[in-house]
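Structural overview for review
Okay, here's what each chain looks like letter by letter:
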Amino acid sequence: LAGNNPAESPRGGLIFNMVTKTGTNQVHGGAMFSGANRGMGFDNFSDDVRAQLLAGLSPAVLAIRPDIKPGADINYIWDAGGWLAGPIKQDKLWFSTTYHYQKLLQYFVGSYNPDGTQTPDDHYLYTTNNKVAWQINRTSQFSYYWTLQRKVNGHRLGGSFADSKASNNNNKYPTVHQLKWNSSRSSRLLLDASTSIFQVDDRFTKQPDVQEGDIARFDQVTNTATIALGTYSNNPMFRGVFLGSVSYFTTTHDIKAGYSMNYAKRTGNVNSTSGMRAVYRSGVPDLVNTYNTPVSSVTQDREQGLYIQDRWRPSRKLTLNLGLRYESNYGWMPETCQ
């Protein structure tokens with residue numbers, strides 16, 4: 001195991017543990033807001049710096065906008081949220097809910113449309129988290145947790161520089177549902193089981209003003225994309241997880257044993273407005289990329305693990321973390337023909 005991770009971890013590297021909010025017998029809530037607009041911004045470009053930043057700009061754009069500014073102006077940015085938690089039934093059933101909304105509009109440095117306007121970098125994100133916890137009896141609790149998020153990047157560029165049409169409209173819709181049960185059978189013995197489902201539809205679609213048949217253009221020297229992108233995609237993903245464990249505690253030992261199962265499925269669907277992309281070198285036609293679209297693929301993976309671990313304290317100044325894990329991982333793609 002890498003990174004000093006416990007045996008219950010399926011792999012090395014970073015591990016984080018998220019503790020979701022559970023309501024209490026008292027109602028608690030709150031709200032927050034922060035933000036800024038263009039009037040709160042400032043730039044200090046000298047004439048020399050401005051000339052350097054505009055040196056690679058198309059003469060056609062400079063002719064339309066001789067007063068154009070090279071900065072990435074923030075039009076607005078704000079972040080708002082609120083939360084509420086409390087009892088549904090005293091000492092038995094509690095709820096917690098939160099809502100968070102963020103929005104940003106700024107402009108990409110060096111990315112301009114033919115009319116001289118800058119390509120927008122526009123985002124918005126909202127997230128809601130909800131939990132209901134049920135105290136079954138003095139020693140057992142059951143909870144249901146649900147989160148929904150929508151993230152939109154209105155203009156995700158296809159190169160370092162691009163006009164508005166040569167960008168993805170990227171929409172993500174991740175959701176998580178989790179059921180969790182735990183029971184302390186005694187002061188030394190704890191049982192824990194949970195299962196969750198994660199789903200997301202990650203869409204990279206064309207801009208509304210891009211038409212079917214439009215041929216994407218890309219300059220390899222200036223790394224600039226125009227007209228459209230060569231391909232677009234839609235990538236639904238699913239993940240199901242089950243975790244179960246038994247923990248036993250003594251004065252010198254914290255022993256834990258358990259089983260984990262993780263199943264994932266990803267579908268990739270790729271399409272194109274024309275099935276090709278014209279490639280240039282400093283404005284000179286060079287070659288054409290062709291795409292075999294539409295095309296789709298499915299990948300699946302199943303991971304299972306059994307483990308036992310012990311945090312052993314043989315003396316006041318010495319702790320040994322011991323663990324053993326057996327794991328299997330099987331990935332596959334169904335038969336297909338494209």
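Heads up: the structure comes first, above all this text.
We now turn to the structure provided with this report.

**With respect to the overall build of the protein**
The helix and strand inventory of the protein stands at two helices and 17 strands. Relative to its length of 338 residues, the protein is extended, with a C-alpha radius of gyration of 27 Å against a globular reference of 20 Å. Projected onto the principal axes, the alpha-carbon positions of the protein cover approximately 80 × 55 × 45 Å. Looking at the protein as a whole, 29% of its 338 residues qualify as buried. For the protein, the proportion of contacts with a sequence separation of at least 24, taken over those separated by at least 6, is 66%. Measuring between centres, the 34 positive side-chain charges of the protein sit 12 Å from its 26 negative side-chain charges.

**Remarks on the pattern of salt bridges**
Considering all chains together, one arrives at seven salt bridges under this definition. Residues E8 and K256 are paired through a salt bridge, measuring 3.1 Å at the closest nitrogen-oxygen approach. With E8 in the segment before β1 (28-37) and K256 in strand β13 (residues 253-271), this pair connects stretches of sequence that are 248 residues apart. D192 is paired through a salt bridge with K180; the nearest N and O atoms lie 3.1 Å apart. With D192 in strand β9 (residues 189-205) and K180 in strand β8 (residues 175-184), the pair connects residues that are 12 residues apart, well separated along the chain.

**Details of the sheet that holds strand β14 (residues 276-281)**
Within the open sheet, the five strands sit side by side as β6-β11-β10-β14-β15. Their pairing is mixed. Whereas interior strands pair on both sides, the edge strands pair on one side only; in this sheet they are β6 (161-162) and β15 (284-290). By the bridge criterion, three bridges tie strand β10 (residues 216-219) to strand β11 (residues 224-226) in an arrangement that is antiparallel. Pairing of D219 across the sheet is with T224, part of β11.

**Re the nonpolar core**
As a rule of thumb, nonpolar side chains are buried together in soluble globular proteins. Counting nine residues, the largest nonpolar core is built from A162, A166, V210, A216, F218, A225, A228, L229 and Y232. Those residues in contact with A228 that lie beyond four places of it in its chain are K165, A166, V210, D214, A216, R217 and T273.

**Concerning the pairing of strand β2 (residues 74-89)**
In the sheet, β1 pairs with β2 via 10 bridges, with the strands oriented antiparallel. Each residue of the ladder has a partner; that of N37, found in β2, is Y76. The pairing of β2 with strand β3 (residues 93-112) spans 14 bridges and is classified as antiparallel. From the neighbouring strand, A80 faces β3, where its bridge partner is Y101. In sequence, β2 turns back onto β3 through a hairpin of three residues, with D91 there showing a positive phi of about 65°.

**Side note on the side chain of N170**
Counting through the fold element by element, N170 comes out in strand β7 (residues 167-172). Polar contacts involving the side chain of N170 include one to the side chain of R156, which spans 2.8 Å. Of note is the side chain of N170, whose polar atom sits 2.8 Å from the side chain of K172. If we ignore the near neighbours within four places in the chain, the residues touching N170 are K151, V152, N153, R156, D202, R203 and F204.

**A closer look at unusual backbone geometry**
Note the cis peptide between T293 and P294, where omega equals -5°. Relative to the helices and strands, P294 is located in the loop between β15 and β16 (295-315). Its identity as a non-glycine residue notwithstanding, D91 has a phi of 65°, on the positive side. For D91, the location among the structural elements is in the loop between β2 and β3.

**With respect to the packing of aromatic side chains**
Inspection of every chain in the model, using the stated rule, returns eight aromatic pairs. Considering the side-chain rings of W78 and Y101, the 5.2 Å spacing of their centres and the 50° angle between planes classify their relative orientation as tilted. With W78 in strand β2 and Y101 in strand β3, this pair connects stretches of sequence that are 23 residues apart. Aromatic pair Y99 and Y126: ring centres 6.2 Å apart, planes at 25°, arrangement stacked. With Y99 in strand β3 and Y126 in strand β4 (residues 118-135), this pair connects stretches of sequence that are 27 residues apart. For Y99, a relative accessible area of 44% corresponds to the partly exposed category. The rings of F33, W78, Y101 and Y124 are connected pair by pair, giving a single aromatic cluster.

**Side note on the environment of R138**
Mapping R138 onto the fold places it in the loop between β4 and β5 (140-157). Since its relative accessible area comes to 77%, R138 is described here as exposed. Distance in space between the C-alpha atoms of R138 and S184 is 9.0 Å, their sequence separation being 46 residues.

Conventions and cut-offs
- Residues numbered from 1 in each chain as written.
- Predicted model: local features only at pLDDT ≥ 70, side-chain atom pairs only at ≥ 80, totals over all residues.
- Heavy atoms only, no water.
- Helix = DSSP H or I, 4+ residues; strand = E, 2+ residues; numbered from the N terminus.
- Rg over C-alpha atoms; globule rule 2.2 N^0.38 Å.
- Buried < 20%, exposed > 50% of the residue type's maximum accessible area, 1.4 Å probe, protein only.
- Contact = heavy atoms within 4.5 Å.
- Lys, Arg positive; Asp, Glu negative; His and termini not counted.
- Charge placed at Lys NZ, Arg CZ, Asp CG, Glu CD.
- Salt bridge = Lys/Arg side-chain N within 4 Å of Asp/Glu carboxyl O.
- Pairing = 2+ DSSP bridges.
- Core = buried A, V, L, I, M, F, W, Y, C linked by side-chain atoms within 4.5 Å.
- Polar contact = N/O pair within 3.5 Å; in protein donor to acceptor, adjacent residues only side chain to side chain.
- Phe/Tyr/Trp six-rings, centres within 6.5 Å; stacked < 30°, edge-to-face > 60°.

Everything listed is a geometric property; what it means functionally is a separate question.
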